[in-house]
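# An overview of the molecular structure
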Amino acid sequence: MGHGEKSTMGALKSTIIVVAGLALAWLTAQVAFKPFLDKGKDAMDKSLDPRHDPDDQFHDVSSNQEEDQSDKEEGGSSSPK
């Protein structure tokens, strides 16, 4: 083996060690932060869903308050909508 082959093998070995270390670090981060990553993924999926309307959760509350207000004004009788 010549001097050039030793340096090539050393570079290859170093590259393999660095890639394996990065893969291990990535896997460790995925396992350690899985609950947070899942919540973030769900939030992004929900916000990117074109059928999801973020105002729906507030609409239900406000419509209940409007019905309560109209009940008070009408004397307690409410008509189903």
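### Details of the overall build of the protein chain
Helix and strand counts for the protein chain come out as three helices and zero strands. Helices (α) and strands (β) of the protein chain occur, in sequence order from the N terminus, as α-α-α. Taken over 81 residues, the protein chain has a buried fraction of 2%. On the protein chain, roughly 7,500 Å² of surface is accessible, and the fraction owed to carbon and sulfur atoms is 62%.

### Some points on a nonpolar patch on the surface
Taken together, the side chains of Met 9, Leu 12 and Ile 16 define a hydrophobic patch exposed on the protein surface, amounting to about 310 Å² of accessible area. If you trace the backbone, Met 9 turns up in helix H1 (residues 3-32).

### Focus: the pattern of salt bridges
Scanning the entire structure with this criterion turns up one salt bridge. Of the charged contacts in the structure, one is a salt bridge between Asp 38 and Lys 34, with a shortest N-O distance of 3.6 Å. With Asp 38 and Lys 34 both in helix H2 (residues 34-48), this residue pair falls four residues apart, about one helical turn. We classify Asp 38 as partly exposed; its relative accessible area is 35%.

### A look at the confidence of the model for the protein chain
The pLDDT averaged across the protein chain works out to 77; a share of 63% of its residues lies at or above 70. Here helix H3 (residues 56-74) stands out as the element of the protein chain with the lowest mean pLDDT, 60, in contrast to H1, whose mean of 91 is the highest.

Reading guide: rules and limits
Residues numbered from 1 in each chain as written. Predicted model: local features only at pLDDT ≥ 70, side-chain atom pairs only at ≥ 80, totals over all residues. Heavy atoms only, no water. Helix = DSSP H or I, 4+ residues; strand = E, 2+ residues; numbered from the N terminus. Buried < 20%, exposed > 50% of the residue type's maximum accessible area, 1.4 Å probe, protein only. Areas by Shrake-Rupley, 256 points an atom, 1.4 Å probe, with all protein chains shown as cover. Patch = residues over 30% accessible without salt bridge, like charges linked within 9 Å, V, L, I, M, F, W, Y side chains within 5 Å. Salt bridge = Lys/Arg side-chain N within 4 Å of Asp/Glu carboxyl O. pLDDT = per-residue confidence, 0-100.

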